[in-house]
Amino acid sequence: MILFGPPGAGKGTQAAILAEKTGLVHITTGELFREAIRKETELGRQAKPYYDRGDLVPDALTIGMLLERLAEEDAVHGCLLDGFPRTLEQATALDDALIGQGQAIDKVLCIQVPEDELLGRLAGRWTCRGCGDVYHRQSRWPKVEGRCDRCGGELYQRDDDQPEAVRRRLEVYSRQTAPLIDYYRGQGKLVEVDGYRSVDEVSGELQAALKEL
Ligand code: AP5
């Protein structure tokens, strides 16, 4: 299953809820890169300049990282992908790898949100350093100020949520990632969901789409 949409659409928020409901593991390439950057691995060192600018990390690095993660025990029977694929090359590499394992993408859940709303969501987002859970004063705020409800980790604001990087991420999404909507529509796998509603309303619609499977 793929959670698809522009930066700030609520992919991470919804994937976390769906993972809890379905038991599927939630795999997010953004979080894999943040972890690699935090741990200063070779992958993190190579990804950091692209990540900081709001550009896509090159396909060769991203595809290799994702396929390695998909091969881990908890993902072999299915998962919720968030933030991957983001280019046609990534989408075809994923299709090829799944075909090789006798598997396929079931659905692509595409969350649509107007750009003004995306800007407000990203500017006000706080992320947990421990588990990556996300908060926003207007939609979901922790019980203890500055601490994650789920794991107690410290909340921080991501470097790529600064205005210049956000502008760049939105441009990159329109140019390189949005064309995949037609790719998955052509495969009959696209489900479009209006994400400009409460977290619970969006989640209800996504769960209904999953029940059909
Ligand atoms: P990544 O971490 O994937 O960032 P993104 O796609 O830009 O998505 P976000 O995490 O910003 O948003 P989201 O849709 O998950 O929204 P969220 O739920 O947090 O990628 C970061 C970088 O890594 C990329 O720029 C790139 O450099 C690199 N990268 C990653 N994958 C890559 C790939 N495949 N190829 C190449 N490079 C890659 O919600 C946002 C806020 O809104 C939160 O505060 C939340 O509380 C709030 N909110 C959520 N839903 C609602 C709602 N319904 N109403 C009101 N507020 C809401």
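Note that the coordinates shown come from a computational prediction; the quantities given were computed from them, not determined experimentally. (Residues numbered from 1 in each chain as written. Predicted model: local features only at pLDDT ≥ 70, side-chain atom pairs only at ≥ 80, totals over all residues. Heavy atoms only, no water.)

Student: What am I meant to see in the site of the ligand here?
Tutor: In the vicinity of the ligand, 35 residues are found, and the nearest of them are T13, D55, R86, R125 and R169. Take Q90: an N or O atom from its side chain is 2.9 Å from a nitrogen atom of the ligand. Here the ligand loses 96% of its free accessible area of 1,000 Å² to cover by the protein chains. Of all the secondary structure elements, the ones that give two or more residues to the shell around the ligand are α1 (11-22), α2 (29-38), α6 (115-123) and β6 (134-136). Residue contributions to the shell around the ligand peak at four residues, all from α2. Residue composition of the shell around the ligand, by class: twelve nonpolar, 13 polar and ten charged. (Near = heavy atom within 4 Å. Polar contact = N/O pair within 3.5 Å; in protein donor to acceptor, adjacent residues only side chain to side chain. Areas by Shrake-Rupley, 256 points an atom, 1.4 Å probe, with all protein chains shown as cover. Helix = DSSP H or I, 4+ residues; strand = E, 2+ residues; numbered from the N terminus. Nonpolar A, V, L, I, M, F, W, Y, C, P; charged D, E, K, R; others polar.)

Student: Help me out: how do you make sense of the side chain of R125 in this one?
Tutor: Looking at the secondary structure, you find R125 in strand β5 (residues 125-128). Here R125 falls in the buried class, since its relative accessible area comes to 13%. (Buried < 20%, exposed > 50% of the residue type's maximum accessible area, 1.4 Å probe, protein only.)

Student: Sorry, what's going on with the sheet that holds strand β4 (residues 108-112) here?
Tutor: Picture the strands of a sheet paired through backbone hydrogen bonds; they go either parallel or antiparallel. In spatial order, the strands read β2-β3-β1-β4-β8; together these five strands make up an open sheet with parallel pairing. Every interior strand has two partners, whereas the edge strands, β2 (25-28) and β8 (190-194), have only one. Averaged over all neighbouring strand pairs, the angle between strand axes comes to 25°, with direction disregarded. Along the sheet, α1 contacts β1 (2-4), β2, β3 (79-82) and β4; its crossing angle with β3, the most-contacted strand, is approximately 175°. Across the face of the sheet, helix α4 (residues 59-70) comes into contact with β2 and β3 while running at roughly 170° to β2. (Pairing = 2+ DSSP bridges. Axes fitted to C-alpha atoms, helices over the stretch in contact; angles between N-to-C directions. Contact = heavy atoms within 4.5 Å.)

Student: Help me out: how do you make sense of the pattern of salt bridges in this one?
Tutor: Close approach of charged atoms lets side chains of opposite charge pair. Scanning the entire structure with this criterion turns up 22 salt bridges. Counted as one network, the salt bridges with shared partners bring together R125, R158, D160, D161 and R169. (Salt bridge = Lys/Arg side-chain N within 4 Å of Asp/Glu carboxyl O.)

Student: Teacher, can you tell me more about the sheet that holds β5 here?
Tutor: With antiparallel pairing, three strands are arranged side by side in an open sheet as β6-β5-β7. The open sheet has two edge strands, β6 and β7 (155-156), and neither has a second partner. Pairing between β5 and β6: three bridges, direction antiparallel. Of the residues in β6, the one forming a bridge with T127 is V134.

Student: Explain the state of the cysteines to me, please; I cannot follow it from the model alone.
Tutor: Working definition of a disulfide: a covalent bond connecting the sulfur atoms of two cysteines. This model, assessed by the stated rule, comprises zero disulfides. As a non-bridged cysteine, C79 has C110 as the owner of its nearest cysteine sulfur, 18 Å distant. Looking at the unpaired C131, the closest cysteine sulfur is the one in C148, lying at 3.7 Å. Since its relative accessible area comes to 29%, C131 is described here as partly exposed. (Disulfide = S-S within 2.5 Å.)

Student: Honestly, the packing of α2 against helix α3 (residues 42-53) in this entry has me stumped. Any pointers?
Tutor: What describes two packed helices is the angle between their axes and the distance between those same axes. Relative to each other, α2 and α3 sit at 115°, their axes nearing to 8 Å. Between α2 and α3 lies a crossing of left-handed hand. Every residue of α3 that contacts α2 at G30, F33, R34, A36 and I37 is listed here: L43, G44, A47, K48 and Y51. Of the residues belonging to the contact of α2 with α3, the class tally is six nonpolar, two polar and two charged. (Left-handed = near helix turned anticlockwise from the far one by under 90°.)

Student: I keep staring at the environment of A36 and nothing clicks. Help me out?
Tutor: Tracing the sequence through the fold places A36 in helix α2. Setting aside anything within four residues of it in sequence, one finds A36 in contact with T41, L43 and G44.

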